[in-house]
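Reading the structure
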2 protein chains.
Amino acid sequence: MTAIRSFFRSRWIDVPTNVSEPQAGLPRGFRAAGVACGIKPSGGPDLGLLVSDAPHTTSAARFTRSGTQSAPVLLCRERCELDGIRAVVANSGNANAATGRPGYENAAKMQGAAAIACGVGAAGPVAVASTGVIGVPLPVDAVMRGIAGAAHALRQDGDADFADAIRTTDAFAKRACLDVELGGGVVRLTAQAKGAGMISPDFATLLCFVQTDAALSPETADLLLSVTVKRSFERVSVDGQLSTSDTVILQCSGESGVPVKPESDDELLFGEALDAVLRQLAVYVVGDGEGARRVGRVVVRGGDDRAVQRVARAVADSPLVKTALYGGDPNWGRIVQAVGAAMPGTAPLEVGVTIEGMPVCVRGQYVPHDTDTLKAAVRGEEIEYEIELPGEGAETELFFSDLGHEYVTLNAEYTT
Amino acid sequence: MTAIRSFFRSRWIDVPTNVSEPQAGLPRGFRAAGVACGIKPSGGPDLGLLVSDAPHTTSAARFTRSGTQSAPVLLCRERCELDGIRAVVANSGNANAATGRPGYENAAKMQGAAAIACGVGAAGPVAVASTGVIGVPLPVDAVMRGIAGAAHALRQDGDADFADAIRTTDAFAKRACLDVELGGGVVRLTAQAKGAGMISPDFATLLCFVQTDAALSPETADLLLSVTVKRSFERVSVDGQLSTSDTVILQCSGESGVPVKPESDDELLFGEALDAVLRQLAVYVVGDGEGARRVGRVVVRGGDDRAVQRVARAVADSPLVKTALYGGDPNWGRIVQAVGAAMPGTAPLEVGVTIEGMPVCVRGQYVPHDTDTLKAAVRGEEIEYEIELPGEGAETELFFSDLGHEYVTLNAEYTT
C-alpha cells in the first residue's frame, strides 16, 4: 500500500505501516452531514448528523466524569443503547449544560428527532452531544429544523461537513480518514474531533466520533476504545479544565465483512491504528489549544504511579510552565517548582529535568549547560520535557498546550 | 484614637475599631534597611535586612510545603531558632532554589554574614529568605556586599526600603504600619509582604514579615500566626502555583512592655488586628497578581469540608473563570464547569451560583436574570461569587486574581 502520511505529523506518534490515506469518505455503511441551523450568531455550521445504515452496528462510548454533566451526557448514560449506537446528533454553539429538566427534555427531543430523521426508528440507538456555552437554554426549535435539514444532506463523504459542524473555537477541523490493512482485508477508519479549550479529560474526553466498517463485537469495541482513550485523550491538557460535555463514541458498521476478533492479530493491528489516530488527534487538540503556538510533551519517570501522574498534571497544567512554553523561554525552574508543588512534604526532592535531550537539573541541582543551544531548542513546535523522580518503576506522559495572548483574548470575550 | 483607614481598602476585611495608622516606622526594638547589591539586572533594590535589637525577641514562622523547597527554606527549617528569630536577611532576583549543596552553603553564608552585620552574634536567630528566578546560582559575593551595606543603613523607619528590596514582579510594595490599642497599652504592628506570581500557598505562603513590640510568648506567637495565616495567605490563589520559597515570619520584640497573654482579651484584640492586616495583605497580593485588573472572592457553602475546599480551589484556579473575570464577562457557566470538575462522579449535582448577590443558577439550572445588570456588576474591582453545594455545614472562601494579557507578557518573558 502507498502510505500518504499527511494526517500523521507529530514525531511523538508511531505510525503503523499498514495504514494509508484514501482521498476521503466514511467507511461503508455510514453517512454524515453538517448544516447551519442558527445556534451560532456567526451563522456557521452548528448541527451535525451521522448515521450507520447497518442495523447490527456495534459501538462503545466514554463520557466526562464531571459532577455537572451536560444534559446530553446525562441522557446518553441513561437512555441510550451505548453498545449499539446507530446515529449521532451533535450541535455546537450551546452545551445544553446547567439547563436542568428543560435541558434534559431538549436533549430527548434531539434524540427522538434524529431517530426519525435518520430512519433509525427507535430513539435508543441515537446518541446526543452538545458543545458550546454553558448555562444558556438550547434554542431547540432551531435544532429541530437543523436535524431535518441535515437528514436530507446525509452523504457517504459528509464527514468533513460533520466535523465542521461540531467546531467551537477550534482553529481547524480535526479528522482522519484511513484505510487499515488487516489479515482479513482492508477496513476503513475515520474520526472527527473537536476541542480547543476546557480540555483536561479524565476517563473520557472532548468530542470525538470514530467510525469503522470492520466488524467488532461490542466488547471488543469497548476494550479497544478504553485502552486507546487512556493513551490519547486522557493524556492531554489544554487548560486543565474538565468539561461538562466530553464524549467519545466508536461505531462499527461491520459492512466491510472483515472481523476483528478478540485476541487475534487483527485486533492488535486494528488497535494500533486506532491508537495512532486517537493520539495524533489528541496532539492536534493540544496544538489547537486556544491560541497555542507550541505543544509540550512531559514524560515523567521514577517514583510510583500516583507520583508520576500528579507530577505530569502539575507540570502540564502550570500557567507558569505554559507561558514559558509560549514565550519560547527555557525557564526550567518553573518545572522544578511545579514538581515540588505536586510532591508536598518530600523536600529536598532530588528531581531531574531534561529539555529536548539536554539535562538542566540533576538530583535537584542545576547542571551547567549551553544556554543558547537550550534557547534555540525550546523555540520549535514540539518541546519535550523529561522528569526523573527518585526511585524507579512508573512512567507516564502528557501532551499540553502553551498559554498565550490568544487564549486570554478568546476567553475574556467568549460570551460577550 | 483617630483611625485613618488608608491601608484597609477591601470591603471583605472587617477593620477592628482599635487600630489606627501612624505615619510610619517599625515597632520599638526593630531596625531595617533595603539596598541594591547587584542581583537584579535592573539595578533595583534587592537585599533587605531587618533586626530586632531586643535579646529576648520571640517569633513564629511558616514555610511552603513544596517538595522542592529553596535552600533558604531548608536552612531555616534545619538551622534556625524559629521561636527566637532576631534578624531576617532576604534577597530578591534569585530564589536560590534547585541549587543543591552549593545553594545551601550560600544560604548558610547569608545567615552567618547577617548575624555578624546585625550584631546578633550567633547564626541561629537569623532567618534567610530568597525570591526570584529558580535554578540559577546565587551571586553570593554581591549578596555579601549587600549585607554589609544594609547593616550600615539600618533605621527604625527602614521598613519601606526593606519592603522595596523584597519585590520581584510586584507592581507595588505591600506593607502595613498600625498602632493597636490593647487593654495594657498601645502596641505597634508592621508588616511587609511580596508576591505577585507563583502564589497558591498551602500551609505557608509567599514572603511576609511581621513585627510587633507587644510581648508574646513563642507559643502565643505561633498560635496567632497559625490561625491568621490559615485565614489569609492560605486562602489566596494568583495562579495556583505553590512556590519553592514561601515564608512568613512574625517577630515580637516585647519592647512596648505590653504583654499579650494566652486566653486574655488582649490576645483576642491583637489577634483580630493581625488577622485584618494579613487578610488585607492577602487581598493586595491577589490584586497585584501579575497584571491583575480585578480580585475575585469565591465563597462556597454546603457539603463537607473537603468538598468546599476542592470546589473553591477549582474555581479560583480555573483559567477559564480567571479570563472571564479579567474580561468583565459574566460567563457563569465556567463556574458550573469548574465545580463539576472538582466533584467527579456526582452528576447531576444541584449546584447554585450567585454573582454579586444575583442568583444565576439554582439547583443546577440557570435562572432568568437581568443580563445587563449582571454585566455591569462584574466590571468592578472586587467580584464576589457564592456557590451552594447540596447538604449543609461547611463553608470556605478564597481570594483570587484574574488572568490577563499582562500575566502572559510577564511570564512569557521573565528570564529571557
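Remember, it's a predicted structure, so these values are computed and weren't measured experimentally.

Per the secondary structure count, chain A includes 11 helices and 17 strands. Compactness check: chain A gives a C-alpha radius of gyration of 22 Å against a globular reference of 22 Å for 416 residues, within 12% of the reference. The C-alpha extent of chain A, read off along each of the three principal axes, is 65 × 55 × 35 Å. Sorting the 416 residues of chain A into buried and exposed places 63% on the buried side. Put simply, 79% of the contacts in chain A that link residues at least 6 apart link residues at least 24 apart.

Here the focus is unusual backbone geometry. All names here are of chain A. At the junction of A347 and P348, the peptide bond is cis and its omega measures out at -5° in the coordinates. Within the secondary structure, P348 sits in the loop between α9 (333-342) and β13 (352-355). Non-glycine residue N96 carries a positive phi angle of around 50°. With respect to the helices and strands, the residue N96 is situated in the loop between β5 (87-94) and α2 (100-118). Taking the number of C-beta atoms within 10 Å as the measure of exposure, N96 has 33 and is therefore buried.

One frequent convention defines the size of an interface as the accessible area lost when the parts assemble. Contacts between chain B and chain A engage 60 residues on the former and 60 residues on the latter. Examining the composition of the side of chain B that touches chain A, we find that 7 residues originate from one element, helix α9 (residues 333-342) of chain B, more than from any other. Among the residues forming the side of chain B that touches chain A, the class breakdown is 27 nonpolar, 27 polar and 6 charged.

Further remarks concern the relation of the copies chain B and chain A. Both copies of the chain are related through a single rotation about an axis accompanied by a shift along the same axis. Structural alignment of chain B on chain A gives an RMSD of 0.0 Å, achieved by rotating through 180° and translating 0.0 Å along the axis. The superposition operator between the copies reduces to a two-fold rotation axis. Judged by C-alpha distance, H405(B) is the residue of chain B that lies nearest the rotation axis, at 2.8 Å. An overlap of 100% is found between the interface residues of chain B and their copies at the interface of chain A, pointing to a shared contact surface.

Let's shift gears to the nonpolar core. Grouped together as the largest cluster of nonpolar side chains are 292 residues, with contacts concentrated most on L49(A), V311(A), V315(A), L49(B), V311(B) and V315(B). Sequence-distant contacts of V315(B), that is, excluding residues within four places in its chain, are made with V298(B), V321(B), I335(B), A338(B), V339(B), Y385(B) and I387(B).

So, on to the pairing of strand β8 (residues 185-194) of chain B. All names here are of chain B. For β8, a buried count of 8 out of 10 residues is recorded, marking the element as mostly surrounded by other parts of the structure. The loop that links strand β7 (residues 174-182) with its antiparallel partner β8 comprises 2 residues. Direction of pairing for β8 relative to strand β9 (residues 207-212): antiparallel, over a ladder of 6 bridges. Each residue of the ladder has a partner; that of K194, found in β9, is L207.

Reading the values: rules and limits
Residues numbered from 1 in each chain as written. Chains lettered and ligands numbered in written order. Predicted model: local features only at pLDDT ≥ 70, side-chain atom pairs only at ≥ 80, totals over all residues. Helix = DSSP H or I, 4+ residues; strand = E, 2+ residues; numbered from the N terminus. Rg over C-alpha atoms; globule rule 2.2 N^0.38 Å. Buried ≥ 20, exposed ≤ 12 C-beta atoms within 10 Å, placed from the backbone. Contact = placed C-beta atoms within 7 Å. Nonpolar A, V, L, I, M, F, W, Y, C, P; charged D, E, K, R; others polar. Least-squares fit on C-alpha atoms with pLDDT ≥ 70 in both. Core = buried A, V, L, I, M, F, W, Y, C linked by C-beta atoms within 7 Å. Pairing = 2+ DSSP bridges.

Remember, this is a structural readout, not a statement about activity or role.
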